[in-house]
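Letter by letter, the chains look like this.
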Amino acid sequence: MELTVTDLSIARGGLPVLTGVSLRLGPGRALVLRGPNGIGKTTLLRTIAGLQPPLSGSIGLPPEDIAYAGHADGIKPTLSVTENLRFWARIFGTGDIAPALGAMDLVALAERPAQSLSAGQKRRLGLARLLVTGRRFWLLDEPTVSLDVASVALFAGAVRAHLAQGGAALMATHIDLGIAEAEVLDLTAFRAASAAPAPGGFDEAFA
Amino acid sequence: MTALLLRDLTLALRAGGGFGLSLAFFLIVTILVPFGVGPEGGTLGRIAPGILWVGALLACLLSLDRIFALDHEDGTLDLLATAPIPLETVTATKALAHWLTTGLPLTLAAPVLGVLLNLPVPGFFWLTLSLALGTPALSMIGAFGAALTVGLKRGGLLLSLLVLPLYIPTLIFGADCVRRGVEGLPTATPFLMLVGITLGSIAILPFAAAAAIRVNLR
Amino acid sequence: MSIWEYANPKKFMQTSAWALPWVTGLAVVTLVAGLIWGFFFTPDDFRMGSTVKIIYIHVPAAIMATGTWFMMLAASLVWLIRRHHVSVLAAKAAAPIGTTMTLIGLFTGAIWGQPMWGTWWAWDPRLTAFLILFLFYLGYIALWEAIEDPDTAADLTSVLCLVGSVFAVISRYAVLFWNQGLHQGSSLSLDQEEHVADVYAWPLWVSIIGFGLLFVSLVLIRTRTEIRKRRLRALEARERMA
């Protein structure tokens, strides 16, 4: 089972941002998306996650295999770390949250309410959620934001362990995670050309 | 689904505002009415069914924007949309959680407030029954309205504008059920219509609400 | 040639530019003819006197008020199923017209009701139903205004229109049940005994056709404006990107 994206065009706010994106991601592989701000990394990840429809092209992977982690972690401040994590484990129908707590070094914080966590600790909790989804393809949008050096290493270790178990990760990040298996895809080449509108026609207003 | 329901209930309990605010609002509206219309028992008793239904409806309206707004802000809705449970189940469950934290307490409080408004004795049974069967429709319709306005910055006022017209049939049949109960008239027609609206809302609106949320997440 | 070709914005702009003067001209002629015939060349009613003549505005406006909502419902369905932008923009364009027609119906009704029933307003089922319809129009327009992204707004307002239609029908019956009214029966009907006399009916039909044409003309103008606004939006966005 691999993730195949074929000739994908995506739009943000009704305007095409990327066209002709094709990529393949097999088990055990990681792919890092690079490109300047506004190129459409988040939009691409959300499209692959099935949160928004593509303009054209196809995505060959059932959404049931995908775990998406966006900018926001979906953490409830009044619930404890364990409660937050256990909720997602139950939603995804997986049982044990202990390995995830361990992997993200959250054991000592397990009973703390999430509102008392620092930004980096919250981020770690958000990433621990990926581990309890039990899904193989991780879509990660800037996963290392607000993580310190030690936590980045922790996260890189978790990704590597996931790849070793036959998982795969597609991530948008600027930091070199030191994951040897990771390939890099620069999205600048796929930037949509902003063609001048044809005079007199109205069709292109509805691209 | 159970997990989501339990989480929403826990959140409502911990945040404190969930149960309390709507109930307090209901209480205040009911207390204000005699100051406005005068203390005469006959008048109060005659308008009590309508006042209690309108009060419960407005109290319900107050908490609607919380159904999806918080989950949208912190990204939970994105994650739920990619989770293995269908979004239709999510919207129905969240409406149920809203009813358990708002509609149900309002239903239980209504008879007590009925005493304050001099509601005639046969009215208590019908008031409780009609609210118990009608408030689920209010929660479900409200969840639909909340789903429509979830991405908006100042969605609260717009939400009221969208939802209140949709509440009209529920209010008419609900209040009329109590009024007929008080006057000893047959209540079958408004009662069955009220149940019909509730069942219809529960059957159709989770799909409409889920569609609206999908559009808003794009 | 299929009707869906008119869903192409360019084709729609061409065709509507050609049709607009004709429709507008015909609307003006029919309206003027219907109203003058109705106002000056029909006898006063033996009970209602000359106040009966407001019927030539009141009834067509009321018919247009409900008709507009049905048109919006159809256009919303077309958008949701076939994703034709012109369709949903026509629904958006029609909403304020429907709102105005509803208001005209309500106001002329009040003016007529005062001498007839002795009150400006009564919670009569028909009046109440139109008031509720007015609220539905307001909500629909407000939702359009509130949402930035045009496609998101189109989808959400269409869903609201669909759900709103169901609840509007339920409200209509709820209101009938809630209060039997003092409004007279239908002014025009083909199968009932109770309707207005022929001497009033003919100019009334002409007025209704005039209002219908006026509606078509206004919807065309407003839809053209909406399409141009969308085009402007796209052009501006492209400017910013370049």
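Residues numbered from 1 in each chain as written. Chains lettered and ligands numbered in written order. Predicted model: local features only at pLDDT ≥ 70, side-chain atom pairs only at ≥ 80, totals over all residues.

Overview of the sheet that holds strand β4 (residues 56-60) of chain A
Within a beta sheet, neighbouring strands are joined by backbone hydrogen bonds and run either parallel or antiparallel to one another.
Residues and elements named next belong to chain A.
No. 1: Spatially, β2-β1-β4 is the arrangement adopted by the three strands of the open sheet, whose pairing is antiparallel. The sheet terminates laterally at β2 (15-25) and β4, the two strands that pair on one side only. The average undirected angle you get between the axes of adjacent strands in this sheet is 25°.
No. 2: The sheet contact formed by strand β1 (residues 3-12) and β2 spans seven bridges and is antiparallel. The residue of β2 that forms the bridge with Arg12 is Leu15.
No. 3: This element, helix α1 (residues 41-48), spans β1, β2 and β4 of the sheet and lies at about 125° to β1. (Pairing = 2+ DSSP bridges. Helix = DSSP H or I, 4+ residues; strand = E, 2+ residues; numbered from the N terminus. Axes fitted to C-alpha atoms, helices over the stretch in contact; angles between N-to-C directions. Contact = placed C-beta atoms within 7 Å.)

Section: the interface of chain C and chain B
No. 1: Tallying the contact residues gives 21 residues for chain C and 20 residues for chain B.
No. 2: Those elements giving two or more residues to the side of chain C that touches chain B turn out to be α4 (125-146) and α5 (150-178) of chain C.
No. 3: Element by element, the count of residues in the side of chain C that touches chain B is highest for α5 of chain C, at twelve residues.
No. 4: Looking at the side of chain C that touches chain B residue by residue, the class counts come to 17 nonpolar, three polar and one charged. (Nonpolar A, V, L, I, M, F, W, Y, C, P; charged D, E, K, R; others polar.)

So, the pairing of strand β3 (residues 30-34) of chain A
Residues and elements named next belong to chain A.
No. 1: Where β3 meets strand β7 (residues 168-172), four bridges bridge the pair, whose relative direction is parallel. The residue bridging Leu33 from the neighbouring strand is Ala172, located in β7.
No. 2: Examined bridge by bridge, β3 and strand β8 (residues 182-186) share five bridges and lie parallel to one another. Within β8, the residue paired with Ala30 across the bridge is Ala182.

Observations concerning the UniProt feature "transmembrane region" (unreviewed entry) in chain C
Residue and element names in this part refer to chain C.
No. 1: Per the UniProt annotation, the sites labelled "transmembrane region" (unreviewed entry) are residues 20-42, 54-81, 93-115, 127-147, 159-179 and 199-221.
No. 2: Taken end to end, residues 20-42 has its terminal C-alpha atoms 32 Å apart, with 91% of it in helix and 0% in strand.
No. 3: A distance of 36 Å separates the end C-alpha atoms of residues 93-115, which is 100% helix and 0% strand. (UniProt positions renumbered as here; feature names shortened; annotations may be inferred.)

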